[in-house]
Amino acid sequence: MDKTTAVLSAEQKFTLITRNLQEVLGEEQLKKTLAERDISLYWGTAPTGRPHVGYFVAMTKLADYLHAGCHVTILLADIHAFLDNMKAPIELVQARTKYYEQLVKGMLRSIGVPLDKLKFVVGSSYELTAEFSMDNYKLAALVSEHDAKKAGSEVVKQVDSPALSGLLYPGMQALDEEYLKVDAQFGGVDQRKIFTFAEKYLPQLGYKKRMHLMNPMVPGLQGSKMSASDPDSKIDLLDGKKAVVKKIAKAFCEEGNIESNGVLSFAKFVLFPTSGLRTGTPEFTVLRKEEYGGNTVYNNFEDLERDYADKKVHPGDLKASVAAALNVLLDPIRQEFEAPEMQQLLLDAYPPPKAASKVAKQKKKHNKRPEPASGDASAQPQEKPVEEKLADTHI
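So, here's what we can say about the structure. (Residues numbered from 1 in each chain as written. Predicted model: local features only at pLDDT ≥ 70, side-chain atom pairs only at ≥ 80, totals over all residues. Heavy atoms only, no water.)

The next thing to look at is the overall build of the protein. If you tally the helices and strands in the protein, you get 17 helices and eight strands. Classification of the 395 residues of the protein by burial places 47% in the buried group. Here the protein displays about 21500 Å² of accessible surface, and carbon together with sulfur accounts for 52% of that area. (Helix = DSSP H or I, 4+ residues; strand = E, 2+ residues; numbered from the N terminus. Buried < 20%, exposed > 50% of the residue type's maximum accessible area, 1.4 Å probe, protein only. Areas by Shrake-Rupley, 256 points an atom, 1.4 Å probe, with all protein chains shown as cover.)

We now examine the sheet that holds strand S6 (residues 211-215). Here six strands make up an open sheet; going across it, the order is S1-S6-S5-S2-S3-S4 and the pairing mixed. The open sheet terminates on both sides in strands that have one partner only, identified here as strand S1 (23-25) and strand S4 (118-122). Averaged over all adjacent pairs, the angle separating strand axes in this sheet is 25°, with direction ignored. Sheet topology places strand S3 (residues 71-76) next to S4; five bridges connect them, and they run parallel. Each bridged residue has a counterpart across the sheet, and for Val 72 the counterpart in S4 is Leu 118. Along the sheet, helix H4 (residues 55-67) contacts strand S2 (40-45), S3, S4, strand S5 (184-188) and S6; its crossing angle with S2, the most-contacted strand, is approximately 165°. (Pairing = 2+ DSSP bridges. Axes fitted to C-alpha atoms, helices over the stretch in contact; angles between N-to-C directions. Contact = heavy atoms within 4.5 Å.)

What follows deals with the pattern of salt bridges. Counting across every chain of the model gives 19 salt bridges. Across the pair Lys 13 and Asp 38 runs a salt bridge, and its minimum N-O distance is 2.7 Å. In this pair, Lys 13 sits in helix H2 (residues 10-18) while Asp 38 sits in the loop between helix H3 (27-36) and S2, placing the two residues 25 residues apart along the sequence. Given a relative accessible area of 13%, Asp 38 falls into the buried group. In this structure, Lys 200 engages Asp 147 in a salt bridge whose closest nitrogen and oxygen atoms are separated by 3.1 Å. Here Lys 200, found in helix H11 (residues 192-201), pairs with Asp 147, found in helix H9 (residues 145-151); they are 53 residues apart in sequence, far enough to count as distant. Given a relative accessible area of 45%, Lys 200 falls into the partly exposed group. The buried category is assigned to Asp 147, whose relative accessible area is 18%. (Salt bridge = Lys/Arg side-chain N within 4 Å of Asp/Glu carboxyl O.)

Take the pairing of S6 next. Across the five residues of S6, five count as buried, placing the element largely inside the fold. Alternating positions in S6 separate into two faces, Met 211, Leu 213 and Asn 215 on one and His 212 and Met 214 on the other, with burial throughout. Where S1 lies against S6, three bridges are found, and the strand directions are antiparallel. Counterpart to Glu 23 in the pairing with S6 is Met 214. Both S5 and S6 contribute to a ladder of five bridges, which runs parallel. In the sheet register, Ala 184 faces S6, and the bridge partner there is Met 211. Since S5 and S6 lie parallel, the crossover through H11 that links them has a hand, and here it is right-handed. (Right-handed = clockwise from strand over helix to strand, strands pointing away.)

For Lys 181, which is not glycine, the phi torsion reads 55° and is therefore positive. Relative to the helices and strands, Lys 181 resides in the loop between helix H10 (165-179) and S5. In this structure, Lys 311 is a non-glycine residue whose phi angle is positive, near 65°. Relative to the assigned elements, Lys 311 resides in the loop between helix H14 (301-309) and helix H15 (315-336). Lys 311 gets classed as exposed once you look at its relative accessible area, which sits at 53%.

This is how it looks when you write it as structure tokens:
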């Protein structure tokens, strides 16, 4: 525990832990526990699609938790990635798990979060044990199909003919809380149904109910949820500078509209918090030519939001400024992944799709009598005997 954390009161720790969250389940229990000791929690991520800049929202909260003295575990949920309707084929899961770990570490380093107080755990290290499997079977005997499907409806990929694996997902995530020995689980608000599922069923196995901390979901570039599986909604953490500028330029960002504005939300949930972690003071600069008023520096999101709503900040200026700030944030990560071993890791985790082999078509020649098969005597034209020729002649 560092000196800054040591002097924080229970109330100050509670404020740090809960700031910028959308919802807390077990708020009173959190206050009670903090009055006695620091809490332990985990954040899990399934290594499926390539991580996007929305992951910085979770990273800034992990920094808050560490500052508040929490014992933080990051779960690389490799089995969950495979169970979620094959988002990660089993033969690629191991490589993607390694890729996610390196990328998460790179993100945390880029915003100045120390890694020595973090614990990384791979799900398969305990989820394949006899004890976990037995608890999973016990849970399967308690949970209805309806409850399992409902719990995963916001997280597990929904398809017309779902596999059984998707129904196992929520129960295993609930059991993770017990096997990681934590007081709380942190995740996006889209995990809420799994969290309430865990609160209902873990006590029926004789395990304690955990607290749940939920951050809001950052809108994607087109206004919907930012998703690793939707390339139009997100910016990859390794996208080049020009690609970042191009994607943000195409984003939905209507003048004066502060609802479902992915560009504005990104400034709120990522750029302001990460600048505060890197420099000590939250700051965002809207870049403008002098003829249009020059640059404006904002130290809180509320002032930026108000000026945008009042149309004092033009969408074009906001987009250009967000792109510039984001590229500064991504530069250290891009540089780390320029190393040959990192490039190989990326290639192993996300190999390029194999080109479909083309079958050469034979050109057809029209108005040509088919050639008989060689050596086929029956296929050769036979001369008729003279008697048959006469019989065929009509006079």
